[in-house]
Amino acid sequence: MSYFMWSAAAVMGLTTGVHLLAGTSDIMTPILNADVIDPVIRGVALVVWHMVSLMLALSTIAIIYLARVQNHALLILVASLQLGFALIFLWYNLTLFSALFAMPQWTAFLLAALLMSASHFKVVRQ
């Protein structure tokens, strides 16, 4: 059993929960209620929101699976997605806000990727 991988699963599970419970009201409700935004754009925003929800949930499930079964290809895929999400959030934090924590979500994605990587390197060294 890998404590690093289980920790990564916990981080992603918490991130998924926060996204669904807090994020929906903080982010999607204002977008959906904004009459100045074209209805098609609001619809696309809602679809993208649910696509992200799906990716977060599937990432959590995949990491739980990886905590039980070694699968190098899946680990590389999921860790790369987490790292990519972190880099995207960091890029827009810096370019749009000149700050690191205007959108702090990158910290959860980076932590998950690092924990997954630590789990992999721990297994490889043994």
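Residues numbered from 1 in each chain as written. Predicted model: local features only at pLDDT ≥ 70, side-chain atom pairs only at ≥ 80, totals over all residues. Heavy atoms only, no water.

*Asks:* Explain the overall build of the protein chain here, please?
*Replies:* When helices and strands are counted, the protein chain shows 4 helices and 0 strands. Tracing the protein chain from N to C terminus, the helices and strands come up as α-α-α-α. Overall size of the protein chain, expressed as C-alpha extent along the three principal axes, is 60 × 30 × 20 Å. Taking all 126 residues of the protein chain together, 30% fall into the buried category. Taking as baseline every contact in the protein chain between residues at least 6 positions apart, the subset at least 24 positions apart corresponds to 64%. (Helix = DSSP H or I, 4+ residues; strand = E, 2+ residues; numbered from the N terminus. Buried < 20%, exposed > 50% of the residue type's maximum accessible area, 1.4 Å probe, protein only. Contact = heavy atoms within 4.5 Å.)

*Asks:* Just checking my understanding: could you explain the packing of helix 2 (residues 39-68) against helix 3 (residues 72-97) for this structure?
*Replies:* If you want to describe how two helices pack, look at the angle between their axes and the distance between the axes. The contact between helix 2 and helix 3 brings their axes to 10 Å, and the two run at 140 degrees. Looking at the two axes, helix 2 sits oblique to helix 3. Like other packed secondary-structure pairs, helix 2 and helix 3 cross with a definite hand, here left-handed. On the side of helix 2, the interface is formed by Met55, Ser59, Ala62, Ile63, Tyr65 and Leu66, while helix 3 contributes Leu74, Leu75, Val78, Leu81, Gln82 and Phe85. (Axes fitted to C-alpha atoms, helices over the stretch in contact; angles between N-to-C directions. Parallel < 35°, antiparallel > 145°, perpendicular 65-115°, else oblique. Left-handed = near helix turned anticlockwise from the far one by under 90°.)

*Asks:* Just checking my understanding: could you explain the pattern of salt bridges for this structure?
*Replies:* In a structure, side chains of opposite charge can pair up when their charged atoms sit close to one another. Taken as a whole, this structure holds 1 salt bridge when the rule is applied. Between arginine 42 and aspartate 35 there is a salt bridge, and its shortest N-O distance comes to 3.8 Å. (Salt bridge = Lys/Arg side-chain N within 4 Å of Asp/Glu carboxyl O.)

*Asks:* How should helix 1 (residues 3-33) be read in this particular structure?
*Replies:* Since the α-helix packs 3.6 residues into each turn, any two residues three or four apart lie on the same face. Compared with an ideal rise of 1.5 Å per residue, which puts 31 residues at 45 Å, helix 1 spans 43 Å between its outermost C-alpha atoms and is within 8% of the ideal. By the largest-angle criterion, glycine 23 marks the main kink of helix 1, which is about 60 degrees. Listed as buried for helix 1 are Met5, Ala8, Ala9, Val11, Met12, Thr15, Thr16, His19, Gly23 and Met28. (Expected span 1.5 Å × (residues − 1). Bend = angle between axes of the 7 residues up to and from the residue.)

*Asks:* Would you take a moment to explain the environment of isoleucine 63 for this structure?
*Replies:* When you line up the elements, isoleucine 63 lands in helix 2. Apart from residues no more than four positions distant in its own chain, isoleucine 63 is found in contact with Met5, Ala8, Ala9, Met12, Val78 and Met116.

*Asks:* Please explain the packing of helix 1 against helix 2 as it appears in this structure.
*Replies:* Between helix 1 and helix 2, whose axes approach to 8 Å, the crossing angle comes to 170 degrees. Taken together, the axes of helix 1 and helix 2 lie roughly antiparallel to each other. Taken together, the residues of the contact of helix 1 with helix 2 break down into 20 nonpolar, 9 polar and 2 charged. (Nonpolar A, V, L, I, M, F, W, Y, C, P; charged D, E, K, R; others polar.)

Function cannot be read off these values alone, since they describe shape.
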